[in-house]
Amino acid sequence: MNTKYYDVFIEILESENKDQSLNYVLNLLDEKKITLEELYDEILAPSLTNFGCNLKDKEICIWKEHTRTSIIRTILECTYPYIIQRRKTISPVNKKVLLFTPTDEYHEIGAIISTNYFLLAGFEAQYIGANTPKDDIISAVRSLNPDFVGISVTNHYNLVITKKITDELKETFPKVSIILGGQAFHNQNALDSIKHDYILYNANEIIDFGKKVAK
Ligand code: B12
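How each quantity is defined
Residues numbered from 1 in each chain as written. Predicted model: local features only at pLDDT ≥ 70, side-chain atom pairs only at ≥ 80, totals over all residues. Heavy atoms only, no water. Near = heavy atom within 4 Å. Polar contact = N/O pair within 3.5 Å; in protein donor to acceptor, adjacent residues only side chain to side chain. Helix = DSSP H or I, 4+ residues; strand = E, 2+ residues; numbered from the N terminus. Nonpolar A, V, L, I, M, F, W, Y, C, P; charged D, E, K, R; others polar. Domains from an automatic or database assignment. Contact = heavy atoms within 4.5 Å. Buried area = accessible area lost by both parts, 1.4 Å probe. Salt bridge = Lys/Arg side-chain N within 4 Å of Asp/Glu carboxyl O.

> Got a minute to help me understand the site of the ligand in this structure?
Around the ligand, a shell composed of 31 residues is seen, among which Asp104, His107, Glu108, Ser152 and Gln183 lie nearest. The contact in question runs from a nitrogen atom of the ligand to an N or O atom on the side chain of Ser152, over 2.7 Å. Looking at which element gives the most residues to the shell around the ligand, the answer is helix H6 (residues 109-120), with five residues. Across the shell around the ligand, the residue classes tally to twelve nonpolar, 14 polar and five charged.

> In this structure, what is going on with unusual backbone geometry? I would like to understand it.
Leaving glycine aside, a negative phi is the common case for residues, and trans is the common case for peptide bonds. Even without a glycine there, the phi angle at Asp104 is positive, about 75°. Within the fold, Asp104 resides in the loop between strand S1 (96-100) and H6. A positive phi angle, near 50°, is found at Asn131, a position not held by glycine. Within the secondary structure, Asn131 sits in the loop between strand S2 (124-127) and helix H7 (134-144).

> Where do I start with the domain arrangement of the protein chain in this structure?
How big an interface is tends to be stated in terms of accessible area lost as the parts join. Per the domain assignment, the segments making up the protein chain are domain 1 (3-86) and domain 2 (91-213). Taken together, the 14 residues of domain 1 in the interface contact twelve residues of domain 2. Summing both partners gives a buried area of about 1100 Å² for domain 1 against domain 2, and 71% of it is carried by carbon and sulfur. Inspection of the domain 1/domain 2 interface yields one salt bridge. Its salt-bridge partner being Glu108, residue Arg73 comes within 2.1 Å of it at the nearest N-O pair. Taken together, the links from domain 1 to domain 2 amount to three residue pairs in polar contact (both at pLDDT 80 or more). Those elements that provide at least two residues to the side of domain 1 that touches domain 2 are helix H3 (36-49), helix H4 (58-78) and helix H5 (80-87). Classifying every residue of the side of domain 1 that touches domain 2 by side-chain character gives seven nonpolar, three polar and four charged.

What follows is the structure in structure tokens.
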């Protein structure tokens, strides 16, 4: 995808104009200038990941980051009808994945976007929330009986609780495979310390994974 769309979007986003930001990307989708994957991977995700604030007053940086996150969340929710449309054209994988962020992990945009990638790859995918307590995760897996759980971790401080969660998941549900994702696993030591079956980083990897595990 041409970075032109990203550059224009960032300019609008910097003015914190929610309506214009939303209309700009929805028009790109409607006019088929970009795909949903390009919107998520090349526009929305980097608009957050590259967020920097050079202002001296850090308090201002905080509400600016929150405003930006809120605009991105609104855009994400508004793309759901496009996912429904796309799913009518995709072969189902016939596998279920349950996604969440662990206790104390409030960064959830990556978990929501990756849930959408799983849906676009033909999985049944359900996002059960951010900052999810271990017991609620165990209860959801018991009730929903997924083939996979997808755990999104951003902050490396949350690796300790993630390890407790994955240890218990493996012990209680040995047949459920664990997929890890998120910025905390860009570090190999972090990855080595947590029980898992797969690590996936982006839309293409999730789509290839779907083809591999399709029933
Ligand atoms: C937005 C944001 C917040 C928001 C989050 C709002 C929300 N509802 O999600 C709020 C304001 C809550 C927040 C809080 C904090 N934040 Co913050 N935050 C960010 C910011 C700017 C963007 C994160 C983001 O959404 N990125 C976009 C998403 C789409 O990218 P992603 O998560 O990587 O996801 C992609 C892939 O990784 C993958 N993926 C992700 N998960 C999964 C899961 C699976 C299964 C798969 C297959 C794939 C996958 O798919 C996604 C799409 O490509 C980052 C900056 C950065 N560099 O990212 C800092 C950042 C992550 N935050 C940081 C910090 C320090 C904090 C705070 C501790 C600040 C504080 N002092 O209070 C708190 C911690 C809160 C907590 N307990 O979790 C640090 C983390 C540093 C570290 N230790 O690792 C960062 C890097 C900022 C920095 N440069 O210092 N933050």
